[in-house]
Structures are given as C-alpha cells and as structure tokens.
Amino acid sequence: MDKLRITGQRTLQGVVQASGAKNAALPLIAAALLTAETVQLSNAPQLMDVRTLAKLLRSLGAQVEQDGGQIRLSAAAVNHYEASYELVKTMRASVLVLGPLLARFGQARVSLPGGCAIGARPVDQHIKGLQALGADIAVEHGYIVARVATPSGRLRGARITTDMVTVTGTENLMMAATLAEGETLIDNAAREPEIVDLANLLRAMGAQIRGDGTSQIRIQGVDALHGASHRIIPDRIEVGTFLCAALAARGDVTVQGAEPSHQDALLDKLREAGAQIDTGADWIRLRADALPGGRPRAVSVRTTEYPGFATDMQAQFMAVNCLAEGAARMTETIFENRFMHVQELMRLGAQIDIDGHTCVVHGVPQLSGATVMATDLRASAGLVVAALAAEGETVIDRIYHLDRGYDAMEVKLRGVGAQIERISDRISGK
Ligand code: UD1
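All values reported here derive from a predicted model rather than from experimental measurement.

**Student:** Even after reading the chapter, I still don't get the pattern of salt bridges, so can you show me in this structure?
**Tutor:** Throughout the structure, instances matching the rule amount to 20 salt bridges. In this structure, the salt-bridge partner of Arg109 is Glu82, at a minimum N-O distance of 2.8 Å. Here Arg109, found in strand S7 (residues 107–111), pairs with Glu82, found in strand S6 (residues 82–83); they are 27 residues apart in sequence, far enough to count as distant. Residue classification places Glu82 among the partly exposed positions, given a relative accessible area of 33%. Close ionic contact of Glu183 with Arg218 constitutes a salt bridge, the shortest N to O distance being 3.1 Å. Taken as a pair, Glu183 in strand S11 (residues 183–187) and Arg218 in strand S13 (residues 216–220) lie far apart in primary sequence, 35 residues in all. Glu183 sits in the partly exposed class, given a relative accessible area of 36%.

Dropping the structure here:
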C-alpha cells in the first residue's frame, strides 16, 4: 500500500490548478445511462472513484473512454442492470446508477452499500423516493431489486419530500424523474453546486428541470433524452483543501480554476482565522505569510448542508485549528463517527477533546511529524494539511483513501513548494 512522506514547514507559495469536482463527475457519469446517445464530459478529474464508476458502467455494457480530462460515454448497448457488491462496497456513490437504470430500462439490481467508515449512511431515502415514482422495490440478498410497476412501464411523476437533505438521494431522484410521465416535485432537496451541475447536464440532454439550487426541484418528465457535452465544475473540496494547507503552513497560494461563489462559507471562516483572501472570476488567493501574531486564530465551525460549512472540509479545517491561537468548537451534524482523524492529529501533537458530535480543539504553537494512518478520504486530507505545517517528517499510511478523491495531490502540492513524496510498495518491492 502506498504511503506519503511529508517534510513539513516548507514555504507554500505559487499557483496550483484545481481539478473538476469528483462529486459532480460521479452523477454526471451516471446520467449518461439515461440516453442511447453520446455524452461528453470535460474537466474530469483523474481519480479512483471516477475509474470505479467507469468500470461499473462498462460492466453494464456501456462504452466509457477517458483521455485526460475528457470522458466519452455511450450507453447505447447497455444490457445488464446490476451493480455488484464488489463495486458498490468500494464506492457507495455507485448507487447513483439506480435511478437512471430504472428510468430508462425499467429495472435495476444494485447492491446495498453496507457499512462505511464515516457512519451508517443508509439509502432509504433513495428507495422511498423511487417507490413514490412507481417503482416496486425489495431488498433481497443484500441487493436493492427494483422494477417499474406502472401499467405503462414508465415511472410516473410524484411529490417527494425527503426526510433529510441528501445529496446523492436528490441526484438519483432527479435523474429518475427526467424520464417519468408527468411532473415530479422534490421537496427538501439538496442545494449543492453539484446538484446544479447535474441539472445543467440533464437540461442539455433535453430534460425539463426548474428550481435546482433551491430546496424545491420541479421536473417535467420527457419521453427520451439525447446526447450532450458538458464541462464539470471545479472541485470545491479540493480547492478548500489547498486553501487550508496554505493557511496552516502560513503560505501564499493561488488556486486557479476555482469557482469562488461555491466557497462562501469556507472563505468566511478562513478570513475569520486571519487569512487574507482575494478572488477573481476563476481563482482564489490566500495569503497567510504575515499573520498578526504569526498564527491563525481558532475559529469554531458547525458542518451543515450547502450553503453551510461542508462536512467534507471539517478535517482539513480542524488541522488549521490545531495550530491556531485559542480554542475552537467543531460540531459535525451530517455524519456520525466523522472524527477518526482526531486520534491521528493527536499523534502529531494536537490537543483535542471529543464529546459526541463536538470536538474542542485547543491550538498549539507547533505540531511535530509522526507516522499516521489515513482512515477515510477527507480525514486523510486533514492529515496532509497538518503534516505540511508540522515540524519534521510525517508518513501517512493507507493513502488509497486519498487517491479515491484527489487528482495528483502530491504533484500539485510539490508545485507550490511542499516536500512530499509517494512511497510505493511496488517500487520498493516490499
Ligand atoms: C455526498 C457526498 C459526500 C458528502 C455528503 C454530505 C457525493 C458522491 N458524496 O454523500 O462527499 O460528504 O454528500 O455533503 O456527492 N441519509 C440517510 N438516508 C438516505 C440518504 C442519506 O439517512 O437515504 C443520511 C446520511 O446517512 C447522512 C445524511 O443523510 O447522515 C447526508 O447524506 P447524503 O447527503 O446522502 O450523503 P451522500 O450523498 O452519500
């Protein structure tokens, strides 16, 4: 298993390029199942989760070609409707094929994702919503077995109010509703930029959708969708990770290819911590090389749905707070058990008290390098941020978690002056 070796306290300075958003790319790829024509995506990130979903689509009979940031998808020859446990267990977003398969082919068999490191993460809202659209769904042998049960063989529009705000749940239901008969109203919908990006592709494919970006999305079903080309939005979590790294390491970094309007909640918190932030149409510059007192200020954070502070930024921001002046309260409201990075940050010298869903982080003047373990995708990113600011060498084990969601992270960080290298077991023969 690959590891990362980071020697901290190098000056981070310069320009780093953001990739396309993983969490936008995944539903966009799944949306290609809704048409027999070709869907082309640009600005696609090159990472494991995208390869996993591409593999799943190929196993259904689709053609998927990725050439750098371009992905060409054709679901003309799809003749299997099953997402196996082997694939779904490695990436629960595989459940995004459920809505499109059911809408276009009237059937789907998708493994339940099962346990996951950051909590139970059930898919009951996906199932409940699809049932409201006329699907007959049973859970058999660990699989969601779904069929369209209406006389016409098509899903039919319905009013759906989800019990909680769910991002992939909203996406699954949106995709399913595009080909349903009549109108669907999704109430309590997620408002993330990735939802709007999916709606933009679906509209380009001929879907009729209004209200995306608000909590009420209306979809008028159409008989068929056609091919389209679409550019994927920037990855706001990757952008945010670079900004946190720049603040923790007290650097001066510009992230190019970003969408500042997607980052409001984070930028406010970074400013509160003392960073100087400048933005342009597609870039964000963070300067922390002349912080008053030499350290960021501790800033309390509560994760919520968009447009609030993203749960996917909690670990990286905690790493900043670990080095801050003062104490901060960090409350996680989206997922249970999303503090697994805390024990690892403490190995680097952080002082953190956990009480249920809240952590109190007492800032220390300096962290010191150690061997730590990545436990999930964003927890790993938090460890990278901490390691870049820590004195001495940190080795982060199990970075396959990081490879799931970050495109060439160590190469990009080296480009702004970080001392970071991948230690590959394959090369060293261990
Ligand atoms: C997506 C993101 C993930 C991010 C999360 C929250 C993708 C591919 N992943 O995950 O990076 O951390 O949003 O912003 O976009 N829930 C249920 N039943 C359901 C669905 C969700 O109880 O049917 C719960 C979950 O357990 C969780 C909360 O609702 O507590 C929000 O989850 P959800 O928004 O669905 O997360 P994902 O879409 O899986």
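**Student:** Please explain the site of the ligand as it appears in this structure.
**Tutor:** Near the ligand, the surroundings consist of 19 residues, among which Asp124, Gln125, Thr168, Asp312 and Ile334 are the closest. Between the ligand and Val167 there is a distance of 2.8 Å, counted from an oxygen atom to a backbone nitrogen or oxygen. Ile334 is positioned such that a nitrogen or oxygen atom in its backbone is 2.6 Å from an oxygen atom of the ligand. Coverage of the ligand by the protein amounts to 86% of the 740 Å² it exposes when considered alone. Looking at the shell around the ligand, the elements with two or more residues in it are helix H5 (124–132) and helix H6 (167–178). At three residues, H5 tops the list of elements feeding residues into the shell around the ligand. Here the shell around the ligand is composed, by residue class, of eight nonpolar, six polar and five charged.

**Student:** Sorry, what's going on with helix H7 (residues 193–204) here?
**Tutor:** For the α-helix, the turn length of 3.6 residues means that residues three or four positions removed from each other point alike. Taking 1.5 Å as the rise per residue, H7 with 12 residues should run 16 Å; its terminal C-alpha atoms sit 17 Å apart, in good agreement. Residues of H7 that are buried: Pro193, Glu194, Ile195, Asp197, Leu198, Ala199, Leu201 and Leu202.

**Student:** Quick question: what am I supposed to make of the pairing of S13 here?
**Tutor:** Remark: a regular strand shows side chains that alternate across the two faces of the sheet. Only one face of S13 is covered, namely the face carrying Ile217 and Ile219; the face carrying Gln216, Arg218 and Gln220 is uncovered. Note: S11 against S13, five bridges, orientation antiparallel. In the strand pairing of S13, Asp187 is matched with Gln216. Examined bridge by bridge, strand S12 (residues 208–210) and S13 share three bridges and lie antiparallel to one another.

**Student:** When you look at the environment of Val301 in this model, what are you seeing that I'm missing?
**Tutor:** Within the secondary structure, Val301 is located in strand S18 (residues 301–302). Judged by its relative accessible area of 4%, Val301 falls in the buried class. Dropping the residues within four chain positions of it, Val301 is found in contact with Lys269, Phe309, Phe317, Arg329, Met330 and Thr331.

**Student:** Honestly, the sheet that holds strand S24 (residues 419–423) in this entry has me stumped. Any pointers?
**Tutor:** Remark on secondary structure: sheet strands pair via backbone hydrogen bonds, oriented parallel or antiparallel. Read across the open sheet, the four strands follow the order S22-S23-S1-S24; overall the sheet is mixed. Strands with a single pairing partner mark the edges of an open sheet, and in this sheet they are strand S22 (371–373) and S24. Strand-to-strand twist across the sheet, computed as the mean angle between neighbouring axes with direction ignored, equals 20°. One ladder, built from three bridges, connects S22 with strand S23 (residues 393–397); its direction is parallel. In the sheet register, Val372 faces S23, and the bridge partner there is Ile396. Lying over the sheet, helix H12 (residues 377–389) contacts strand S1 (3–7), S22 and S23, oriented at roughly 30° with respect to S1.

**Student:** Can you walk me through the packing of helix H1 (residues 22–31) against helix H2 (residues 48–60) in this structure?
**Tutor:** For any two helices packed against each other, one specifies the crossing angle of their axes together with the interaxial distance. For the pair H1 and H2, the least separation of the axes is 10 Å and the interaxial angle reads 5°. Comparing the axis directions of H1 and H2 gives the class roughly parallel. Along its contact with H1, which presents Lys22, Ala25, Leu26, Ile29 and Ala30, the element H2 presents Asp49, Val50, Leu53 and Leu57. Here the residues of the contact of H1 with H2 are counted per class, giving seven nonpolar, no polar and two charged.

**Student:** Can you help me understand the pairing of strand S19 (residues 327–331) in this one?
**Tutor:** Here S18 runs beside S19; their pairing, made up of two bridges, is parallel. Across the sheet, the residue bridging to Arg302 is Thr331, located in S19. For the crossover from S18 across helix H10 (residues 314–322) to S19, the handedness is right-handed. Across five bridges, the pairing between S19 and strand S21 (residues 358–362) is antiparallel. Bridge pairing in S21 places Ala328 opposite Val361.

**Student:** Please explain the sheet that holds strand S15 (residues 252–256) as it appears in this structure.
**Tutor:** Taken in spatial order, the four strands line up as S2-S15-S17-S16 in an open sheet, and their pairing is mixed. Two strands close off the open sheet at either side, each with one partner strand: strand S2 (13–17) and strand S16 (276–280). Sheet twist, expressed as the mean angle between neighbouring strand axes with direction ignored, is 15°. Summarising the sheet, S15 and strand S17 (residues 283–287) pair through five bridges and their orientation is antiparallel. In the sheet register, Gln256 faces S17, and the bridge partner there is Trp283. Contacting S2, S15 and S17, helix H8 (residues 236–248) runs over the sheet at an angle of about 20° to S17. Sitting on the sheet, helix H9 (residues 264–272) is in contact with S16 and S17, with an inclination near 145° to S16.

**Student:** What am I meant to see in the packing of aromatic side chains here?
**Tutor:** We describe a pair of aromatic rings using the distance from one ring centre to the other and the angle between the two ring planes. Throughout the structure, instances matching the rule amount to two aromatic pairs. Measuring from ring centre to ring centre gives 5.1 Å for Tyr81 and Phe105, while their planes differ by 40°; the resulting arrangement is tilted. Of the two residues, Tyr81 sits in the loop between strand S5 (70–74) and S6 while Phe105 sits in helix H4 (residues 98–105), which places them 24 residues apart along the sequence. Residue Phe105 is classed as partly exposed on the basis of its relative accessible area, which comes to 21%. Relative to Phe317, the ring of Phe309 has its centre 5.5 Å away and its plane inclined at 75°; by these criteria the two rings are edge-to-face.

Thresholds applied
- Residues numbered from 1 in each chain as written.
- Predicted model: local features only at pLDDT ≥ 70, side-chain atom pairs only at ≥ 80, totals over all residues.
- Heavy atoms only, no water.
- Salt bridge = Lys/Arg side-chain N within 4 Å of Asp/Glu carboxyl O.
- Helix = DSSP H or I, 4+ residues; strand = E, 2+ residues; numbered from the N terminus.
- Buried < 20%, exposed > 50% of the residue type's maximum accessible area, 1.4 Å probe, protein only.
- Near = heavy atom within 4 Å.
- Polar contact = N/O pair within 3.5 Å; in protein donor to acceptor, adjacent residues only side chain to side chain.
- Areas by Shrake-Rupley, 256 points an atom, 1.4 Å probe, with all protein chains shown as cover.
- Nonpolar A, V, L, I, M, F, W, Y, C, P; charged D, E, K, R; others polar.
- Expected span 1.5 Å × (residues − 1).
- Pairing = 2+ DSSP bridges.
- Contact = heavy atoms within 4.5 Å.
- Axes fitted to C-alpha atoms, helices over the stretch in contact; angles between N-to-C directions.
- Parallel < 35°, antiparallel > 145°, perpendicular 65-115°, else oblique.
- Right-handed = clockwise from strand over helix to strand, strands pointing away.
- Phe/Tyr/Trp six-rings, centres within 6.5 Å; stacked < 30°, edge-to-face > 60°.

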